[in-house]
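# Inside the fold
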Amino acid sequence: MSSYPLWKIGFGCALTAAITYISIWWMKSNKKLGDNSRSTSELHTEKWLKVGKVKELFFYPLKSGRGKNVLECKFTEFGIAIMGSGQFTLRDRMFLVYNEENGKFVTAKNYSKLVLVNLYAEDQLNVRLQANGMQSIVFEPQNYKSPIADCSMWFDDPMKCIDCGDGPAEWISMFLTGKKSGLRLGFTTYQKRNLHQGPWEKFTKVYTTLSNDDTGLFADITSYMLMTQSSLNELNKKLDRPVTSLQFRPNIVVSGTEPFVEDKWEWIKIGEDVIIRNVKPCPRCAVIRVDPETANVDDEPLKCLRTLRAQKDPNKISVDGTAPVFGIYCGLYSNGNVAVGDDVFVYSE
């Protein structure tokens, strides 16, 4: 392990804490009227019905990067977190790649090889980018010299990120494009999006339980996406080449259920403490055509899914379009630790 002066470690930790605190304060002070209360006190203990178990847990430190299968993790308001002793805390989709010219975010839909990029903690202050055929690079995501940059996500929704510097920018540009420039790597400022104005406002009118507190860091919309193994099995019956759950980039895969029953769930309890809420179906785009192990692009499973899981609700089509749905977006209402094998419950009215 690399060694660092104590003052630098202390400063880095203090900076991380300050950014997190200020961002949480900003999010809370800008919360709009009409957001749902995060209270779950009305959910009575005796009405939780066991429906299955956690089969798999995934998180993606880099948006559209390689998914990491974990046995246990912490469910936080900013998504899944891996908090190792003496290690940089990695959170779901806390890094993103963006275009240096216009700031627009980049995904595997633009560069399929992005799914092969691994990002992991190196030590308390640093992370490492790694991909086959590239010399890995270690860098410190945030320090007093890191500039705040403008970037944007879906529907040109403006965001802020901490630019990770020229070294990571050159590395990711070279791997994805073969050129030394063009793309940048951004790190989260822990900014929560305001869904009640701008491009997301129309979504909250259709999906009325969708809240500002549901949004993740650089996740498409919410901090958590859940799917069931039985739904995947049902889809795979219709495919010539079965796919794995990682093709759909979920956070939680539940076993022991009927296919597609998750569509009807609302309140979901995982283990002893964690409660999440189904706030909208997950519409599927071309990213699911990318094989997570090879980055090869195929028509399936998207082609089959368009027939099997076409959206039929006119109100939902008005905001989500005609993309097929698979899995559910969820917001967190009660945090805690989750492990593979934990029981999963659904609230029964």
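Before going further, it helps to spend a moment on the overall build of the protein. When helices and strands are tallied, the protein shows 6 helices and 20 strands. Burial analysis of the protein (349 residues in total) assigns 55% to the buried set. Across the protein, contacts joining residues at least 24 apart in sequence account for 72% of those joining residues at least 6 apart. A total accessible area of about 15,800 Å² is found for the protein, and carbon and sulfur atoms account for 50% of it.

A few words now on the sheet that holds strand S12 (residues 158-163). One open sheet accounts for 5 strands, arranged S7-S6-S13-S12-S11; its pairing is antiparallel. Each having just a single partner strand, strand S7 (105-106) and strand S11 (148-152) make up the two edges of the open sheet. The sheet contact formed by strand S6 (residues 95-99) and strand S13 (residues 183-188) spans 5 bridges and is antiparallel. Among the inter-strand pairings, Val97 is bridged to a residue of S13, identified as Leu185.

Outside of glycine, negative phi angles account for most residues, and trans bonds account for most peptide bonds. Each neighbour pair has its own omega, and for Glu300 with Pro301 the value is 10°, a cis peptide bond. Assignment of secondary structure puts Pro301 in the loop between strand S17 (274-283) and helix H5 (302-308). Here the phi dihedral of Tyr190 falls at roughly 60°; this positive angle occurs in a residue that is not glycine. Note that Tyr190 resides in the loop between S13 and helix H3 (201-206). Backbone geometry places Arg249, a non-glycine residue, at a positive phi of 55°.

Here 3 strands make up an open sheet; going across it, the order is S8-S9-S10 and the pairing antiparallel. Every other strand in the sheet has two partners, leaving strand S8 (118-121) and strand S10 (137-139) as the edge strands with one partner each. Strand-to-strand, the axes of this sheet are offset by a mean angle of 25°, without reference to chain direction. Across 4 bridges, S8 lies against strand S9 (residues 127-130) in antiparallel orientation. Looking across to S9, one finds that Ala121 is bridged to Val127. Across the sheet, helix H2 (residues 166-177) touches S9 and S10, and the angle it forms with S10 is around 150°.

For the coordinates displayed, the defined rule picks out 14 aromatic pairs. Ring centres 5.9 Å apart and planes at 25° place the aromatic pair Trp171 and Phe175 in the stacked group. Here Trp171 pairs with Phe175, and both are found in helix H2, just 4 residues apart, close to one helical turn. An angle of 75° between the planes, with centres 6.1 Å apart, marks the rings of Phe260 and Phe326 as edge-to-face. Of this pair, Phe260 sits in the loop between strand S15 (252-255) and strand S16 (267-270) while Phe326 sits in strand S18 (residues 325-334), placing them 66 residues apart in sequence.

The subject of this paragraph is the nonpolar core. Counting 57 residues, the largest nonpolar core has Phe75 and Phe95 as its most contacted members. Core analysis: the next-biggest nonpolar cluster, separate from the first, contains 16 residues, Tyr60, Leu235, Val243 and Phe248 among them.

A separate point is helix H4 (residues 229-236). Of all 8 residues that make up H4, 6 are buried, and the element is covered over most of its length. Within H4 the residues assigned to the buried category are Gln229, Ser230, Ser231, Leu232, Leu235 and Asn236. Summarising the contacts, the buried residues of H4 are in contact with strand S1 (48-59), strand S14 (224-228), S15, H5 and S18.

Thresholds, definitions, all that
- Residues numbered from 1 in each chain as written.
- Predicted model: local features only at pLDDT ≥ 70, side-chain atom pairs only at ≥ 80, totals over all residues.
- Heavy atoms only, no water.
- Helix = DSSP H or I, 4+ residues; strand = E, 2+ residues; numbered from the N terminus.
- Buried < 20%, exposed > 50% of the residue type's maximum accessible area, 1.4 Å probe, protein only.
- Contact = heavy atoms within 4.5 Å.
- Areas by Shrake-Rupley, 256 points an atom, 1.4 Å probe, with all protein chains shown as cover.
- Pairing = 2+ DSSP bridges.
- Axes fitted to C-alpha atoms, helices over the stretch in contact; angles between N-to-C directions.
- Phe/Tyr/Trp six-rings, centres within 6.5 Å; stacked < 30°, edge-to-face > 60°.
- Core = buried A, V, L, I, M, F, W, Y, C linked by side-chain atoms within 4.5 Å.

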